[in-house]
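Analysis of the macromolecular model
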Amino acid sequence: MATTGDTDIDFETAAPVAGSFDVDWIHGVRTRWQREPRIQVHRYDEHTLVLRQSKAVNYEAPFVFLLFGNERALLLDSGATADPELFPLRATVDGLIDEWLAAHPREGYELVVAHTHAHGDHVAGDSQFADRPATRVVPKEADAVRDFFGFAESWPTGQVGFDLGGRVLDVLGTPGHHESSVTFHDRWTGILFTGDTVLPGRLYVADFPAFLATVRRMVEFAQARRISHVVGCHVEMKRRPGRDYPLGATFQPDERALAMTVGQLVAVRDAAVSVADRPGVHRFDDFVIYHEPGKRETRRLLARARLRKALAAPLRG
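The rules behind the values
Residues numbered from 1 in each chain as written. Predicted model: local features only at pLDDT ≥ 70, side-chain atom pairs only at ≥ 80, totals over all residues. Heavy atoms only, no water. 1 Å grid on protein atoms, 1.4 Å probe; cavity = no way out; pocket = protein on both sides within 12 Å on 5 of 7 lines; lining within 4 Å. Points joined across faces, edges and corners; volume = space filled by probe spheres on them. Nonpolar A, V, L, I, M, F, W, Y, C, P; charged D, E, K, R; others polar. Core = buried A, V, L, I, M, F, W, Y, C linked by side-chain atoms within 4.5 Å. Buried < 20%, exposed > 50% of the residue type's maximum accessible area, 1.4 Å probe, protein only. Helix = DSSP H or I, 4+ residues; strand = E, 2+ residues; numbered from the N terminus. Pairing = 2+ DSSP bridges. Contact = heavy atoms within 4.5 Å. Axes fitted to C-alpha atoms, helices over the stretch in contact; angles between N-to-C directions. Phe/Tyr/Trp six-rings, centres within 6.5 Å; stacked < 30°, edge-to-face > 60°. Lys NZ or Arg CZ within 6 Å of the ring centre and 35° of its normal. Arc of directions from axis to C-beta. Salt bridge = Lys/Arg side-chain N within 4 Å of Asp/Glu carboxyl O.

Attention now moves to empty space enclosed by the protein. Per the counting criterion, the structure on display carries one cavity of 30 Å³ or more. The volume enclosed by the largest cavity comes to roughly 80 Å³. What lines the largest cavity is a set of 14 residues, and nearest its centre among them are Lys55, Tyr59, Arg202, Glu236 and Gln252. Per-class residue counts for the lining of the largest cavity are six nonpolar, three polar and five charged.

Written out as structure tokens, the structure is:
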């Protein structure tokens, strides 16, 4: 356990604190001759960092999150690429932790690597942390996730707390997109980290009854708390309402904001209710629901992805 003593940060009294999403995210490059950082780091506040993987490395360009508490930090998701040469997540996170510890010295500081769900673009970087001292990498399998956070028989309708050392997260079981999906509410910032369950993009639903129950519970939870932002792990929508970038797009110059509102979360719930008995693709202003899509919709989606991949600018040096 970390030794903190008089250096403890009060993560309760002022919560939720104001932070900033005033940032221009890296969004890919138009030609193979251009460059962008492989990882962009944005400081929402001193203790909350948002990282985005470059689309030049992987078109998914997932966001990952680094949250600091008094005893441990949480890395929420590990990105879409295992190779540390292409995606230096471990080196970046180590540097950020060293920087935070220089400002807030303490001994025995831990890192927990956990996930919003088990899809490959959220867990690929786990291997970079396998030999890191004072580090726990939470297994990605659904049963292991439930055991680690202590859901026991309360899954998925219950919620449990996860303490980073004075900074407590509420963890909610939110299956539907994936059986292992969880949502994290950070009491310090008021952010609801929703993974791929709710985001400005394509909401791929594998189990629609589970998804509908999930978004209903999420709305109920959010309306009972002070939620500052609803934050998923991708941006796939353009600023123009109802328009998304094709799967596989490596350049998104006019993408909309990452952070959503509780009102938009309510809109996801209402949209899910409206299409509950209609499998297929359903387009709304801020998101697109893929309700257990059939073979035709899947072929069309993959065809767009293959075209984009053929046109994509490869990563240079």
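Another aspect to go through is the nonpolar core. Counting residues in hydrophobic clusters, the biggest one holds 31 residues, and the most contacted among them are Phe21 and Phe149. Of all the elements in the fold, those that place two or more residues in this core are strand S3 (63–68), strand S4 (72–76), strand S5 (110–114), helix H3 (142–149), strand S7 (159–163), strand S8 (168–173), strand S9 (182–186) and strand S10 (191–195). In this structure, Leu172, Leu212, Ala272 and Ile289 belong to the second largest nonpolar core, which totals 25 residues.

This part covers the sheet that holds S7. Read across the sheet, six strands follow the order S7-S8-S9-S10-S12-S13 without closing on themselves; strand pairing throughout is mixed. In the strand order of this sheet, the two ends are held by S7 and strand S13 (259–260), each with one partner. Taken together, the five bridges between S8 and S9 define a ladder with antiparallel strand orientation. Within S9, the position partnered with Leu169 by the bridge is Asp186. Here H3 sits on the sheet and contacts S7, S8 and S9; the angle it forms with S7, its principal contact strand, is near 70 degrees.

Once that is clear, we can look at the packing of aromatic side chains. Following the criterion strictly, the structure yields 14 aromatic pairs and no others. Here Phe148 and Phe162 contribute two aromatic rings whose centre-to-centre distance is 5.8 Å and whose plane-to-plane angle is 50 degrees, an arrangement assigned as tilted. Taken together, the residues Phe148 in helix H3 and Phe162 in strand S7 connect sequence positions 14 residues apart. For Phe148, a relative accessible area of 27% gives the class partly exposed. Measuring from centroid to centroid gives 5.8 Å for Phe208 and Phe211, while their planes differ by 50 degrees, and the two rings are tilted. Separated by three residues within a single helix, Phe208 and Phe211 lie in helix H4 (residues 208–223), roughly one turn from each other. A relative accessible area of 1% means that Phe211 is categorised as buried. In textbook terms, an aromatic cluster arises when at least three aromatic residues are bridged by ring pairs, as seen for Phe148, Phe149, Phe162 and Phe184. If you follow Lys238 out to its NZ or CZ, it ends over the ring of Tyr245, 5.1 Å from the centre.

A separate point is H3. All buried positions along H3 are accounted for by Ala142, Val145 and Phe149. Relative to the axis of H3, the buried residues are bounded by an arc of 60 degrees and lie together on one face. Looking at H3, the residues exposed on the side facing more than 90 degrees away from the buried face are Asp143 and Asp147. Elements in contact with the buried residues of H3: S5, S7, S8 and S9. One or two residues past the end of H3 sits Gly150, with phi positive at roughly 80 degrees.

So, on to the sheet that holds strand S14 (residues 280–283). Strands pair in a sheet through their backbones, by hydrogen bonds, and they do so in one of two ways: parallel or antiparallel. If you walk across this open sheet you meet the three strands as S11-S15-S14, and the pairing is mixed. Two strands bound the open sheet, and with one partner strand each, they are strand S11 (202–205) and S14. Direction aside, the axes of adjacent strands within the sheet are offset by 15 degrees on average. Relative to strand S15 (residues 288–291), S14 is paired through four bridges, and the arrangement is antiparallel. For Val281, the partnering residue across the bridge sits in S15 and is Tyr290.

So, about the environment of Ala134. Within the element layout of this structure, Ala134 appears in the loop between helix H2 (120–123) and strand S6 (135–137). Sequence separation of Ala134 and Glu110 is 24 residues, and the distance between their C-alpha atoms is 5.0 Å. When neighbours within four sequence positions are excluded, Ala134 is seen to be in contact with Tyr109, Glu110 and Leu111.

What follows concerns the pattern of salt bridges. With the rule as written, the count across this model stands at 17 salt bridges. For Arg202, the salt bridge goes to Asp244, with nearest N and O atoms at 2.9 Å. With Arg202 in strand S11 and Asp244 in the loop between strand S12 (229–232) and S13, this pair connects stretches of sequence that are 42 residues apart. An identical accessibility class is assigned to Arg202 and Asp244; each is buried. The shortest N-O distance in the salt bridge between Arg256 and Asp286 comes to 3.5 Å. One end of the pair, Arg256, is in the loop between S12 and S13; the other, Asp286, is in the loop between S14 and S15, and 30 residues separate them in sequence. Overall, Asp286 belongs to the partly exposed group, its relative accessible area being 23%. Members of the salt-bridge network, linked through shared partners, are Glu71, Arg72, Glu110 and Arg136.

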